[in-house]
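One letter stands for each residue in the lines below.
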Amino acid sequence: MDRGTCAEADAADPLASARAAFSLPDGVCYLDGNSLGALQPAVAQRLREVVDHEWGRGLIRSWTDAGWVELPRRVAQRLAPLLGADPVELAVTDSTSANLFKALAAARRLRPGRQVLLTDDANFPTDVYVAHGLAELTGDLEVRVVPTEEVAAHLDADVAVLLLTHIDYRTGRRHDPNDLTAAAHAVGALAVWDLSHSTGALDVDLHHWDVDLAVGCTYKYLNGGPGSPAYLYVAGRFLDRITSPVRGWFGHARPFAFDLGYLPAPGAERFLDGTPPVLSMAALDTALEVFDGLDRRMLEAKAAALTGRFIDLVDARCGDEVEVVTPRDAARRGAQVSLRHDHADAVMQAMISRGVIGDHRPPDLLRFGFAPLYVTRVDVWDAVEDLAEVLTTRAWDNPEFRQPRTLT
Ligand SMILES: *Cc1c(COP(=O)(O)O)cnc(C)c1O
């Protein structure tokens, strides 16, 4: 394998045309799309139009004339195929954290009489905070946080809800949503999945997995832009009875009837609450166009090819310096690779100074994300070239790179 064969494989890649939809700065090798997806010029153009024409000139008329009021539904339609879901099962709104609160509260009400919300200690912190907040509010729920490998063993008849994140944000390890959802169902519990590190990069298949509820964000692999609205999925089988704990007028069946009586919208849209953020919703709507008609399996195959190539090159060139902590079996990892190094923060700062942008998770992980739409095999090659040099020359061991940073 050399740079030339990487370029040849890129040219033959069925997703090569998708990369043309993105604009990445010259000299940047962007391997942080798992934290913030890249910008597409079409999204910038849409934002300019929404601001100048729809808001600037159309003013209040744009709620109907420009279809602002339809935006959450339109985005749900674009998103549904990426999740293996029906549009009616999706609400596009709020942050992942807020949606998770609503999803857990709703799931909890579907399983009265059970006291336990089960999750694992590798979960993303916000998920655990939200679970504890709900438990404190309701006063009748115990949050049980167990080691990842013990999750199945802790499923019993007390468990109301199993909450898991599909891809471990630190190691890139993938849970098996099929098996764990079935195990939850076998004891009568509901399974709620956080797909923040999955959708747009992997073959997410909610119907096939038989998931009950799910949440996820849209600013990572879905490229919606910083803080773009998240989504909440409710399996269609619950839509006749599930209720949102946050009843807002946009989740009403007829918000503009201004009726004091609450009547939930027929689909998952009842989990909308307040006025949608039109600017970021419009950006997300356009950002998702690049996925139209794309087979999710192509995304997963590309992610596996990129992460696999990265691991092979790291093994060959940096194997003595770093430990690959991400599973080597592609079916057991997401679209990221994490490497352990005692000075991970300084190493990443040195990499970023060379234009290779990944991130660092304390205490000792270097994280590299491989967004399948725009990362190439040449990017993988170049990143490992820089990494090998930074490590072997100890370029990271420089006061400039040893100031801890607060945000990555
Ligand atoms: C990124 C991420 C979130 C983000 O939550 P927000 O409330 O949208 O900021 C939530 N959960 C997981 C697992 C994530 O990776």
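Trainee: Is there a simple way to explain helix α7 (residues 125-138) in this structure?
Mentor: The α-helix winds at 3.6 residues per turn, so residues separated by three or four positions along the chain end up facing the same way. The terminal C-alpha atoms of α7 lie 20 Å apart, and with 14 residues this matches the ideal 20 Å at 1.5 Å per residue to within 8%. Three or more residues of α7 are buried, namely Thr126, Asp127, Val128, Val130, Ala131, Leu134 and Ala135. Tucked into the core, α7 has its buried residues touching α6 (96-110), β3 (116-120), β4 (142-146), β5 (159-165) and β6 (190-194). One or two positions beyond α7, positive phi appears at Gly139, with a value near 70 degrees.

Trainee: What is the right way to look at the environment of Phe124 in this model?
Mentor: Inspection of the secondary structure puts Phe124 in the loop between β3 and α7. Judged by its relative accessible area of 33%, Phe124 is partly exposed. With 106 residues separating them in the primary sequence, Phe124 and Ala18 have C-alpha atoms 30 Å apart. Those residues within four positions of Phe124 in sequence are excluded, and the remaining contacts are Thr165 and Tyr169.

Trainee: Teacher, can you tell me more about the sheet that holds β5 here?
Mentor: Backbone-to-backbone hydrogen bonds join strands into a sheet, with any given pair of strands oriented parallel or antiparallel. The strand order across the open sheet formed by seven strands is β2-β8-β7-β6-β5-β3-β4, and the pairing between neighbours is mixed. Pairing within the sheet leaves two strands with one partner each, and these edge strands are β2 (90-93) and β4. Mean inter-strand twist for the sheet, computed between neighbouring axes without regard to direction, equals 20 degrees. Relative to strand β7 (residues 213-216), β6 runs parallel, the two being bridged by three bridges. Across the sheet, the residue bridging to Asp194 is Val215, located in β7.

Trainee: What exactly am I supposed to notice about the site of the ligand here?
Mentor: Around the ligand, the neighbouring residues are Ser95, Thr96, Ser97, Phe124, Thr126, Asp127, Thr165, Asp194, Ser196, His197, Tyr219 and Lys220. Contact distances for the ligand include 2.7 Å between a nitrogen atom and a side-chain N or O atom of Asp194. Between the ligand and Tyr219 there is a distance of 3.2 Å, counted from an oxygen atom to a side-chain nitrogen or oxygen. Notes on the ligand: free accessible area 390 Å², of which the protein chains cover 87%.

Trainee: How should I be thinking about the sheet that holds strand β10 (residues 336-340) in this particular structure?
Mentor: Sheet architecture is open: four strands sit in the order β9-β10-β13-β12, paired in antiparallel fashion. Unpaired on one side and paired on the other, β9 (323-324) and β12 (359-361) mark the two borders of the sheet. Here β9 runs beside β10; their pairing, made up of two bridges, is antiparallel. Within β10, the position partnered with Glu323 by the bridge is Arg340.

Trainee: Would you explain the domain arrangement of the protein chain in this entry?
Mentor: In many analyses, interface size is given as the accessible surface area lost on bringing the parts together. Split by domain assignment, the protein chain resolves into domain 1 (3-30 + 295-401) and domain 2 (46-291). Centre-to-centre, using C-alpha coordinates, domain 1 lies 29 Å away from domain 2. Of the residues lining the interface, 27 residues belong to domain 1; the matching set on domain 2 comes to 23 residues. Taken as a group, Arg296, Glu300 and Gln336 account for 32% of the area that domain 1 buries against domain 2, more than any other trio of residues on that side. The interface formed by domain 1 and domain 2 contains three salt bridges. For the salt bridge of Asp203 with Arg296, the shortest nitrogen-to-oxygen distance reads 2.9 Å.

Trainee: Explain the packing of aromatic side chains to me, please; I cannot follow it from the model alone.
Mentor: The geometry of two aromatic rings is summed up by the distance between their centres and the angle between their planes. Enumeration over the complete set of coordinates arrives at twelve aromatic pairs. Look at Trp63 and Trp68: their rings are 5.4 Å apart centre to centre, the planes differ by 85 degrees, and that puts the pair in the edge-to-face class. Here the aromatic rings of Trp249 and Phe256 are separated by 5.5 Å at their centres, their planes lie at 65 degrees, and the arrangement is edge-to-face. Judged by its relative accessible area of 38%, Trp249 is partly exposed. Residue classification places Phe256 among the partly exposed residues on the basis of a relative accessible area of 48%. Connected via pairs of aromatic rings, a cluster forms that spans Trp63, Trp68, Trp249, Phe250, Phe256 and Phe258. Its end group placed over the ring of Phe124, Lys220 keeps NZ or CZ at 5.5 Å from the ring centre. The ring of Trp381 carries the charged tip of Arg317 above its face, separated from the ring centre by 5.7 Å.

Trainee: Help me understand the packing of helix α12 (residues 344-353) against helix α13 (residues 377-392) in this model?
Mentor: What describes two packed helices is the angle between their axes and the distance between those same axes. Running from amino to carboxyl end, α12 crosses α13 at an angle of 125 degrees, the nearest separation of the two axes being 10 Å. It follows that α12 is oblique to α13 by the angle criterion. Helix-helix and strand crossings are classified by hand; for α12 and α13 the assignment is right-handed. Only Ala383, Asp386, Leu387, Val390 and Leu391 of α13 make contact with α12, whose side of the interface consists of Val347, Ala350 and Met351. Of the residues that constitute the contact of α12 with α13, the class distribution is seven nonpolar, no polar and one charged.

Trainee: I would appreciate a short explanation of the side chain of Arg174 in the present structure.
Mentor: Of note, Arg174 is situated in the loop between β5 and α8 (177-186). Note on Arg174: relative accessible area 15%, which makes it buried. Within the structure, the side chain of Arg174 is placed 3.5 Å from the backbone oxygen of Ala330, a separation counted as a polar contact. Setting aside its immediate chain neighbours within four residues, Arg174 contacts His166, Ile167, Leu202, Glu300, Ala330, Ala331, Arg332 and Arg333.

Trainee: How do you make sense of the pattern of salt bridges when you look at a structure like this?
Mentor: Between side chains of opposite charge, a pair can form as their charged atoms come close. Going through the model one piece at a time under the given rule, you end up with 35 salt bridges. A salt bridge links Asp94 to Lys102, with the shortest nitrogen-to-oxygen separation between them at 2.7 Å. Since its relative accessible area comes to 27%, Asp94 is described here as partly exposed. The buried category is assigned to Lys102, whose relative accessible area is 1%. Salt bridges sharing partners connect three or more residues here, namely Arg46, Arg74, Arg78, Asp285, Glu289 and Asp292.

What counts as what
Residues numbered from 1 in each chain as written. Predicted model: local features only at pLDDT ≥ 70, side-chain atom pairs only at ≥ 80, totals over all residues. Heavy atoms only, no water. Helix = DSSP H or I, 4+ residues; strand = E, 2+ residues; numbered from the N terminus. Expected span 1.5 Å × (residues − 1). Buried < 20%, exposed > 50% of the residue type's maximum accessible area, 1.4 Å probe, protein only. Contact = heavy atoms within 4.5 Å. Pairing = 2+ DSSP bridges. Axes fitted to C-alpha atoms, helices over the stretch in contact; angles between N-to-C directions. Near = heavy atom within 4 Å. Polar contact = N/O pair within 3.5 Å; in protein donor to acceptor, adjacent residues only side chain to side chain. Areas by Shrake-Rupley, 256 points an atom, 1.4 Å probe, with all protein chains shown as cover. Domains from an automatic or database assignment. Buried area = accessible area lost by both parts, 1.4 Å probe. Salt bridge = Lys/Arg side-chain N within 4 Å of Asp/Glu carboxyl O. Phe/Tyr/Trp six-rings, centres within 6.5 Å; stacked < 30°, edge-to-face > 60°. Lys NZ or Arg CZ within 6 Å of the ring centre and 35° of its normal. Parallel < 35°, antiparallel > 145°, perpendicular 65-115°, else oblique. Left-handed = near helix turned anticlockwise from the far one by under 90°. Nonpolar A, V, L, I, M, F, W, Y, C, P; charged D, E, K, R; others polar.

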